[in-house]
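# A structural walkthrough
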Amino acid sequence: MKAKLKVLLPGFTGNMDDVVVYYNSKLNKYIVRKKVKPKFTPDHSLTQEMHAFRRRIDVSEDYIDDCREYIRLFNQKFRRQGRAMSTWPNVYMKIMRALKAKYPELDFGTLTREDVLERDLPCKTVASAVEAGYLDKVPGYEKLDNSL
């Protein structure tokens, strides 16, 4: 349902009955949408464990740079389709969620860098994650081979 107003007071934002009015600076226009109640969100303990793992093993700066380069390549390939990534933790979390889906027995609370390298898990480099199908293939992903 699209809500339309014939006359909008300049500078007005806020709630009116069952709609919300706000200015979107990216689109350079006012948006009027139906007010909705927030949906139930599941427990985010897995996300916390993944970020705790990242902090515990102290991810290398080269790996982070590879994530940023992947974002640049991804945005370059998919910009016309309206798909974009913005920050390197997006890439990291996408890899880790796919890893957890493939290996449900993994425990990020006890996992170490040595375990990742010893088991040859696909998250050790961005290129191996792309080859494993965790990330979309982009031209030049083969160069993103710096270790976790």
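The sections below set out a description of the structure shown in this document.

Right, let's talk about the overall build of the protein chain for a bit. Secondary structure summary: the protein chain contains 5 helices and 3 strands in total. For the protein chain, the N- to C-terminal ordering of α and β elements is β-β-β-α-α-α-α-α. Across the 148 residues in the protein chain, those meeting the buried criterion constitute 32%. Residue pairs at least 24 apart in sequence account for 51% of intrachain contacts in the protein chain once pairs closer than 6 positions are excluded.

Tallied over the full model, the rule gives 6 salt bridges. Residue Glu 61 pairs with Arg 68 through a salt bridge whose shortest N-O separation is 3.7 Å. You can call Arg 68 partly exposed: its relative accessible area is 42%. In this structure, Asp 65 and Arg 68 form a salt bridge, with 3.5 Å as the shortest nitrogen-oxygen distance. Highlighted residues: Asp 65 and Arg 68, both in helix H2 (residues 61-78), separated by 3 residues, approximately one helical turn. Relative accessible area serves as the criterion here: at 37%, Asp 65 is assigned to the partly exposed category.

Once that is clear, we can look at the nonpolar core. Grouped burial of nonpolar side chains is what soluble globular proteins tend to show. Core analysis: the biggest nonpolar cluster contains 36 residues, and Phe 53, Tyr 70, Ile 95 and Met 96 have the highest contact counts within it. Considering each element in turn, this core owes the most residues, 8 residues, to H2. Residues contacting Tyr 70, with those up to four places away along its chain left out, are Met 85, Val 91, Val 126, Val 130, Leu 135, Asp 136, Val 138 and Leu 144.

For the rest of this paragraph, the subject is the packing of H2 against helix H3 (residues 88-102). Across the interface, H2 lies against H3 with an axial gap of 8 Å and an inter-helix angle of 100°. Classed by the angle they form, the pair H2 and H3 counts as roughly perpendicular. Note on element contacts: H3 touches H2 through Trp 88, Val 91, Tyr 92 and Ile 95, opposite Tyr 63, Ile 64, Cys 67, Arg 68, Tyr 70 and Ile 71. When grouped by side-chain class, the residues that make up the contact of H2 with H3 number 9 nonpolar, no polar and 1 charged.

Scanning all chains against the criterion turns up 5 aromatic pairs. Plain terms: the ring middles of Tyr 23 and Tyr 30 are 5.2 Å apart, the flat faces sit at 65° to each other, and that makes the pair edge-to-face. Overall, the relative accessible area of 40% leaves Tyr 23 in the partly exposed class. These aromatic residues form a ring-pair network of at least three members: Tyr 70, Phe 74 and Phe 78.

What counts, and where the lines are drawn
Residues numbered from 1 in each chain as written. Predicted model: local features only at pLDDT ≥ 70, side-chain atom pairs only at ≥ 80, totals over all residues. Heavy atoms only, no water. Helix = DSSP H or I, 4+ residues; strand = E, 2+ residues; numbered from the N terminus. Buried < 20%, exposed > 50% of the residue type's maximum accessible area, 1.4 Å probe, protein only. Contact = heavy atoms within 4.5 Å. Salt bridge = Lys/Arg side-chain N within 4 Å of Asp/Glu carboxyl O. Core = buried A, V, L, I, M, F, W, Y, C linked by side-chain atoms within 4.5 Å. Axes fitted to C-alpha atoms, helices over the stretch in contact; angles between N-to-C directions. Parallel < 35°, antiparallel > 145°, perpendicular 65-115°, else oblique. Nonpolar A, V, L, I, M, F, W, Y, C, P; charged D, E, K, R; others polar. Phe/Tyr/Trp six-rings, centres within 6.5 Å; stacked < 30°, edge-to-face > 60°.

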